[in-house]
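Remarks on the overall topology
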Amino acid sequence: MSSELKTEKDFKKAPGRLRPVRGTREQAILHISLFLLILAGIMIAGSRIPSGSIYVDLEQISQPPSLKHLFGTDWVGRDMLTRTMKGLSLSIWVGIICSLASTLTAALFGILAPTLGGRADALVSWLVDLTLSVPHTILIILISIACGGGFRGIVAGVAATHWTSLTRVIRAEVLRINTSEYVRASRQFGKSRRYIARNHLLPHVIPQMVVGTVLVFPHAILHEASITFLGFGLPPHEPAIGVILSESMKYLTSGQWWLAFFPGLCLIMVSVMVSALGRSLERILNPATAYKK
Amino acid sequence: MRLEAKDICYAYQKGRPVLSHVNFGIESGEAVGLTAPSGYGKSTLGKILAGYLTPQSGTVSIDGKTREDTGYNPVQLIFQHPEKAVNPRWKMKRILNEAWNPPEEMIRSMGIEQDWMNRWPSELSGGELQRFCVLRALSPRTRFLIADEMTTMLDMITQAQIWNEVRKHAERENMGIVVISHEKHLLERLCGRIVRLDG
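Residues numbered from 1 in each chain as written. Chains lettered and ligands numbered in written order. Predicted model: local features only at pLDDT ≥ 70, side-chain atom pairs only at ≥ 80, totals over all residues.

1. What about the overall build of chain A?
Along the backbone of chain A there are 12 helices and 0 strands. Taken from N to C terminus, the helices and strands of chain A fall in the order α-α-α-α-α-α-α-α-α-α-α-α. Radius of gyration (C-alpha) of chain A: 24 Å, far over the 19 Å computed for a compact globule of 293 residues. For chain A, the spread of C-alpha atoms along the three principal axes comes to 75 × 60 × 30 Å. Per-residue burial for chain A yields a buried fraction of 36% across its 293 residues. (Helix = DSSP H or I, 4+ residues; strand = E, 2+ residues; numbered from the N terminus. Rg over C-alpha atoms; globule rule 2.2 N^0.38 Å. Buried ≥ 20, exposed ≤ 12 C-beta atoms within 10 Å, placed from the backbone.)

2. Overview of the overall build of chain B
Secondary structure summary: chain B contains 6 helices and 8 strands in total. Scanning chain B from its N terminus toward the C terminus, one meets helices and strands in the order β-β-β-α-β-β-α-α-α-β-α-β-α-β. Scaling as 2.2 N^0.38, a compact globule of 199 residues should have a C-alpha radius of gyration of about 16 Å, and chain B matches this with 17 Å. Each principal axis of the C-alpha atoms in chain B carries an extent, and together these give about 50 × 35 × 35 Å. Burial status across chain B gives 38% buried among its 199 residues. Here the contacts in chain B between residues at least 6 apart in sequence split such that 75% fall between residues at least 24 apart. (Contact = placed C-beta atoms within 7 Å.)

3. What about the interface of chain A and chain B?
Between chain A and chain B, the contact holds 13 residues from the first and 18 residues from the second. Of all elements in the fold, only helix 8 (181-188), helix 9 (193-230) and helix 12 (287-290) of chain A reach the threshold of two or more residues within the side of chain A that touches chain B. No other element matches helix 8 of chain A, which puts 6 residues into the side of chain A that touches chain B. Among the residues forming the side of chain A that touches chain B, the class breakdown is 6 nonpolar, 5 polar and 2 charged. (Nonpolar A, V, L, I, M, F, W, Y, C, P; charged D, E, K, R; others polar.)

4. As for the pairing of strand 1 (residues 2-13) of chain B
Residue and element names in this part refer to chain B. In the sheet, strand 1 pairs with strand 2 (residues 16-27) via 8 bridges, with the strands oriented antiparallel. Paired with Tyr10 across the two strands is Leu19, which belongs to strand 2. The turn linking strand 1 back onto strand 2 is made up of 2 residues, and Gly15 within it adopts a positive phi angle of 85°. Examined bridge by bridge, strand 1 and strand 4 (residues 57-62) share 5 bridges and lie antiparallel to one another. Within strand 4, the position partnered with Ala5 by the bridge is Val60. (Pairing = 2+ DSSP bridges.)

5. Some points on the sheet that holds strand 2 of chain B
Residue and element names in this part refer to chain B. In space, the 3 strands of this open sheet follow the order 2-1-4, with antiparallel pairing throughout. This sheet does not close on itself; its edge strands, each paired only once, are strand 2 and strand 4. Across this sheet, the average inter-strand angle for adjacent strands is 20°, counted without regard to direction. Strands strand 1, strand 2 and strand 4 of the sheet are contacted by helix 1 (residues 42-49), whose axis makes an angle of about 125° with strand 1. (Axes fitted to C-alpha atoms, helices over the stretch in contact; angles between N-to-C directions.)

6. Description of the pairing of strand 5 (residues 75-78) of chain B
All names here are of chain B. Alternating positions in strand 5 separate into two faces, Val75 and Leu77 on one and Gln76 and Ile78 on the other, with burial throughout. In the sheet, strand 5 pairs with strand 6 (residues 144-148) via 4 bridges, with the strands oriented parallel. Residue pairing in the sheet places Leu77 in a bridge with Ile146 of strand 6.

7. A few points about helix 3 (residues 80-116) of chain A
Residues and elements named next belong to chain A. Taking 1.5 Å of rise per residue, the 37 residues of helix 3 would be expected to cover 54 Å, and the 53 Å separating its terminal C-alpha atoms lies within 8% of that figure. With respect to burial, helix 3 is a largely interior element, 26 of its 37 residues being buried. Just downstream of helix 3 lies Gly117, where phi reads positive at about 70°. (Expected span 1.5 Å × (residues − 1).)

8. A few points about the sheet that holds strand 7 (residues 176-180) of chain B
Residue and element names in this part refer to chain B. Across the sheet, 5 strands lie side by side as 5-6-7-3-8; this open sheet has parallel pairing. Since the sheet does not close on itself, it has two edges, and those belong to strand 5 and strand 8 (193-196), each with one partner. Put simply, the sheet's adjacent strands are angled 20° from each other on average, direction ignored. By the bridge criterion, 4 bridges tie strand 3 (residues 31-35) to strand 8 in an arrangement that is parallel. Pairing of Leu34 across the sheet is with Val195, part of strand 8.

9. Some thoughts on the environment of His81 of chain B
All names here are of chain B. Along the chain, His81 falls in the loop between strand 5 and helix 2 (92-96). Under the C-beta neighbour-count criterion, His81 is labelled partly exposed, with 14 such atoms within 10 Å. Residues His81 and Gly127, spaced 46 residues apart in sequence, show a C-alpha to C-alpha distance of 9.7 Å.

10. Things to note about helix 9 of chain A
At Leu202 of chain A, helix 9 of chain A shows its largest kink, close to 50°, and the proline Pro203 of chain A lies no more than four residues downstream. Immediately downstream of helix 9 of chain A, the backbone of Gly231 of chain A shows phi near 95°, a positive value. (Bend = angle between axes of the 7 residues up to and from the residue.)

11. Overview of the packing of helix 9 of chain A against helix 11 (residues 258-285) of chain A
Residues and elements named next belong to chain A. With their axes 9 Å apart at the nearest point, helix 9 and helix 11 run at an angle of 170° to one another. Regarding the angle of helix 9 to helix 11, the classification is roughly antiparallel. Counted together, Pro207, Val210, Val211, Val214, Leu215, Phe217, Pro218, Ile221, Leu222 and Ala225 of helix 9 and Leu267, Val270, Ser271, Val274, Ser275, Leu277, Gly278, Leu281, Glu282 and Leu285 of helix 11 form the full contact between these two elements. Among the residues forming the contact of helix 9 with helix 11, the class breakdown is 16 nonpolar, 3 polar and 1 charged. (Parallel < 35°, antiparallel > 145°, perpendicular 65-115°, else oblique.)

Okay, here's the thing in structure tokens:
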């Protein structure tokens, strides 16, 4: 047994090994950089497209997908690929702002509640329950309208509803670590509260926050799209995915499937990609899984 | 130096005391065994001595003085499960050096290999982890060590190795040890005096 292990080790150390060792870490880093590249590509492409390039071309109306128009054109001849890219980059912006805002809220509540304890803790738990007890969609619509609609309204609505689950996770984590044996041992070694917070608490909470931010992102953009689809989100002149999808509903019955298919597929792909990115990040940030082969 | 617990009462539930009016004392340099069947409050007394629990009545004192809440506790408790007593996100080197920097020869005679220092706790076995937990508590500032079933889950050879080192250190530094255990033979071997909580 031991000689077997030794030969395997030697084999890995040997120069010019037969195949590269690809562990969780290498794989996850590969995934993350690939996905980040794609997302950055969409954002840059979307922001560099001048709004003039989405023009009405009545000679090209309702073209099915072709080499000239990869995603086809709509009922006034606008190129669907350009509109989709523009919409996606807008969605990604909404997603980034919303998940950052949610994480900040969650970190604030999740750390303060167990630290202050007592009434503050009960209040935070009550706020989480209250927010979770109202269906998300309705709450987002209400907040969005109250904030005057548009980009600002939708961001406020989504951010105000997506901090709850992460708050619970962080609060539970802080409680668990503060009562753990290694923190109690640390206190017996005479370490200060500040030392413990910095060295024991944060290394657990920060990875949770990073992963939480990434995992809230797909929820945020899907909610943004669905609220916009229902007509309460971004205004109709913006090339948002929700707007594209709701407009295409009228033309689906006449067989223009590409109007909804490609933008919808892109939206789903972006959410799946970001969620996979979050899970890869989770794997490499956790020492128990980071070095698995 | 004398660590003394006077008239300790402790109950986890009201009306069902685990310890009632218990007295216990230990001189530095002494090794005292503490034994009783399960549920008689051995570990509870250990935690009270180390300041992890506050008794409902009674006092714990060192040379007549009660301990301050901050600063290094001269009474250190070692847990039975080392995997819970180390931060899973710290590497072994950092865990070992949290309280003090143990000299090279103590690390070696504890059986800790240099190769383990750069690993995460999840990559070491229970016996290997326990060596770290014991050694990090053996700072010269530790005057009394409470070993609560410290080696119960380890094999005989590891047990002997760890206890040998702890005893040598205790003699050198004139440290007192409270050995909490079910094992009669271990207690008879290590301790000059055995206290039974059920007696």
